[in-house]
Amino acid sequence: MQDAVLAMLAKEPSHGYRLRARLREALGPLGQSMNAGQVYVTLNRLEKAGLVVSERADGLPDRPDRKVYALTPSGQQRVAAWLTEVNWPKPNLAEFHLKLAAAAGARLADPVELVDAQRRELLRRLRDVQRAMLAEPDGSTAGLLLEGVALRLQADLRWLEACERVWSRTGDE
């Protein structure tokens, strides 16, 4: 969540309410259960870590003043590192989806290139698992586990193909 919030701030400084709305929009139905306080707790932690700074902004007549958050240079470096990170075999699909949305929204990276980097890593891991499967005797419990890992990697590769199709069309618009 922290990295996604930082990446959303890479596009432009924002207040917590707007960040929450952007996160919920990017996650669609999965974002509806997002706790309102989660974004503010995350922003507080990021500020304590020196990754964001805040300043008070004048509110509207019917709203109080708000804190507007912006990235520090350390925050910008962390966003850049996060965008190049490959986190399979235990991906958090919602986090990866937010990475793509934030990268595209702030024009930090091409989402299709991020998908391609993930695909290369999954293909490398799938080759390793397939080699290990060949070394196992038929019917072994280790072979069964390796088969499960291979099936999961294949499913993740299919999901990345769907991501590429969507983000390729989005980039053309």
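Only a predicted model underlies this, so the values are computations on that prediction, with no experimental measurement involved.

A. Quick peek at the packing of aromatic side chains. Summed over all chains, the structure comprises one aromatic pair. The cationic tip of K99 hangs over the ring face of W82; the distance from NZ or CZ to the ring centre is 5.2 Å.

B. Examining unusual backbone geometry more closely. Phi at R107 takes a positive value of approximately 55°, unusual for a residue other than glycine. Structurally, R107 can be placed in the loop between α5 (93-105) and α6 (111-135).

C. View of the layout of surface pockets. Of the pockets and cavities examined, the largest pocket occupies roughly 300 Å³. What lines the largest pocket is M8, K11, E12, R18, R22, E25, A26, A101, A102, A104, G105 and W167. Residues belonging to the lining of the largest pocket are distributed by class as follows: six nonpolar, one polar and five charged.

D. Highlighting the side chain of K99. As for its placement among the helices and strands, K99 is situated in helix α5. Of the buried charged residues, K99 lacks a salt bridge, with E85 as the closest side chain of opposite charge at 4.8 Å. Within polar-contact distance, the side chain of K99 engages the backbone oxygen of E85 at 3.0 Å. Apart from the residues within four sequence positions on either side, K99 is in contact with W82, L83, E85, L114 and Q118.

Reading the values: rules and limits
Residues numbered from 1 in each chain as written. Predicted model: local features only at pLDDT ≥ 70, side-chain atom pairs only at ≥ 80, totals over all residues. Heavy atoms only, no water. Phe/Tyr/Trp six-rings, centres within 6.5 Å; stacked < 30°, edge-to-face > 60°. Lys NZ or Arg CZ within 6 Å of the ring centre and 35° of its normal. Helix = DSSP H or I, 4+ residues; strand = E, 2+ residues; numbered from the N terminus. 1 Å grid on protein atoms, 1.4 Å probe; cavity = no way out; pocket = protein on both sides within 12 Å on 5 of 7 lines; lining within 4 Å. Points joined across faces, edges and corners; volume = space filled by probe spheres on them. Nonpolar A, V, L, I, M, F, W, Y, C, P; charged D, E, K, R; others polar. Buried < 20%, exposed > 50% of the residue type's maximum accessible area, 1.4 Å probe, protein only. Lys, Arg positive; Asp, Glu negative; His and termini not counted. Salt bridge = Lys/Arg side-chain N within 4 Å of Asp/Glu carboxyl O. Polar contact = N/O pair within 3.5 Å; in protein donor to acceptor, adjacent residues only side chain to side chain. Contact = heavy atoms within 4.5 Å.

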